[in-house]
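Working through the structure, step by step
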Amino acid sequence: MALGDLILDETGQVMGVRVLSSDADGVKTEVSLQLTGTIRGVSESTLWTYTILTRPDGSMYGSGTGIMTTQDGDVVSMVGAGSGKIVPPGATNNFRTMLHPHSAVAKYADLNGSTLVGEYDLNADGSAINKCWEWE
């Protein structure tokens, strides 16, 4: 197994956060995120909604769904999950992610059934950077 080409390169901003629950398992929040960038060099925009469970031991786990639209009007749906650790206030949260794209568009159909491995960094100001490589 090796990482292949950089497939997805995006930056964006958290649009909203809400607390869903707080109990012995941790605090669960919902995040709305908007990103823009490129998929295989083609300009795109992606909207995500995901949840993060912040556990009492300092670990974090998130999962969610996203929808991408390219400049050509092509649509790619995403399902993803990631994990990280709590950082001090003002620091950047670093998540390691796995995304599973799917598209009915022939141009992106080869991504169906594949896994993209990524680095998702969420800064204290709500700005985000997402980079994903194909896992071969």
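Data block above holds the structure.
Residues numbered from 1 in each chain as written. Predicted model: local features only at pLDDT ≥ 70, side-chain atom pairs only at ≥ 80, totals over all residues. Heavy atoms only, no water.

Our next topic: the overall build of the protein. Looking only at helices and strands, the protein has zero helices and eight strands in total. Reading the protein from its N terminus to its C terminus gives the helix and strand order β-β-β-β-β-β-β-β. Taken over the C-alpha trace, the protein has a radius of gyration of 15 Å; the compact-globule value for 136 residues is 14 Å, and the two agree within 12%. Taken over 136 residues, the protein has a buried fraction of 38%. Of the accessible surface of the protein, which amounts to about 7200 Å², a share of 56% is contributed by carbon and sulfur atoms. Counting 8 positive and 16 negative side-chain charges, the protein places the averaged centre of each group 4 Å from the other. (Helix = DSSP H or I, 4+ residues; strand = E, 2+ residues; numbered from the N terminus. Rg over C-alpha atoms; globule rule 2.2 N^0.38 Å. Buried < 20%, exposed > 50% of the residue type's maximum accessible area, 1.4 Å probe, protein only. Areas by Shrake-Rupley, 256 points an atom, 1.4 Å probe, with all protein chains shown as cover. Lys, Arg positive; Asp, Glu negative; His and termini not counted. Charge placed at Lys NZ, Arg CZ, Asp CG, Glu CD.)

Mapping Gly4 onto the fold places it in strand S1 (residues 3-23). Here Gly4 falls in the buried class, since its relative accessible area comes to 18%. For the pair Gly4 and Met98, spaced 94 residues apart in sequence, the C-alpha to C-alpha distance is 14 Å. Excluding its chain neighbours within four sequence positions, the residues that come into contact with Gly4 are Trp133, Glu134 and Glu136. (Contact = heavy atoms within 4.5 Å.)

It is worth spelling out the sheet that holds strand S7 (residues 116-122) at this point. Taken in spatial order, the eight strands of this closed barrel run S1-S2-S3-S4-S5-S6-S7-S8, and their pairing is antiparallel. Strand-to-strand twist of the sheet, defined as the mean angle between neighbouring strand axes without regard to direction, takes the value 25°. One ladder, built from eight bridges, connects S1 with strand S8 (residues 127-135); its direction is antiparallel. By the bridge assignment for S8, Glu10 is matched with Asn130. (Pairing = 2+ DSSP bridges. Axes fitted to C-alpha atoms, helices over the stretch in contact; angles between N-to-C directions.)

Tallying each qualifying case throughout the model produces two aromatic pairs. Plain terms: the ring middles of Tyr50 and Tyr120 are 6.0 Å apart, the flat faces sit at 90° to each other, and that makes the pair edge-to-face. Separated by 70 residues along the polypeptide, Tyr50 in strand S3 (residues 42-54) and Tyr120 in strand S7 bring together distant segments of the chain. With respect to burial, Tyr50 and Tyr120 carry one shared label: buried. Among the aromatic residues, those joined into a ring-pair cluster are Tyr50, Phe95 and Tyr120. (Phe/Tyr/Trp six-rings, centres within 6.5 Å; stacked < 30°, edge-to-face > 60°.)

It is worth spelling out the side chain of Glu134 at this point. Positionally, Glu134 belongs in strand S8. No salt bridge forms around the buried Glu134; measuring N to O, its nearest opposite-charge neighbour Arg40 is 4.7 Å away. (Salt bridge = Lys/Arg side-chain N within 4 Å of Asp/Glu carboxyl O.)

Another aspect to go through is the pairing of strand S2 (residues 26-39). Strand direction decides the pairing type here: S1 and S2, joined by 14 bridges, are antiparallel. Across the sheet, Val19 pairs through a bridge with Thr29, a residue of S2. The turn linking S1 back onto S2 is made up of two residues. By the bridge criterion, 13 bridges tie S2 to S3 in an arrangement that is antiparallel. Bridge pairing in S3 links Ile39 to Val42. Between S2 and S3, which pair antiparallel one after the other, the connecting turn spans two residues, and Arg40 there sits at a positive phi close to 50°.

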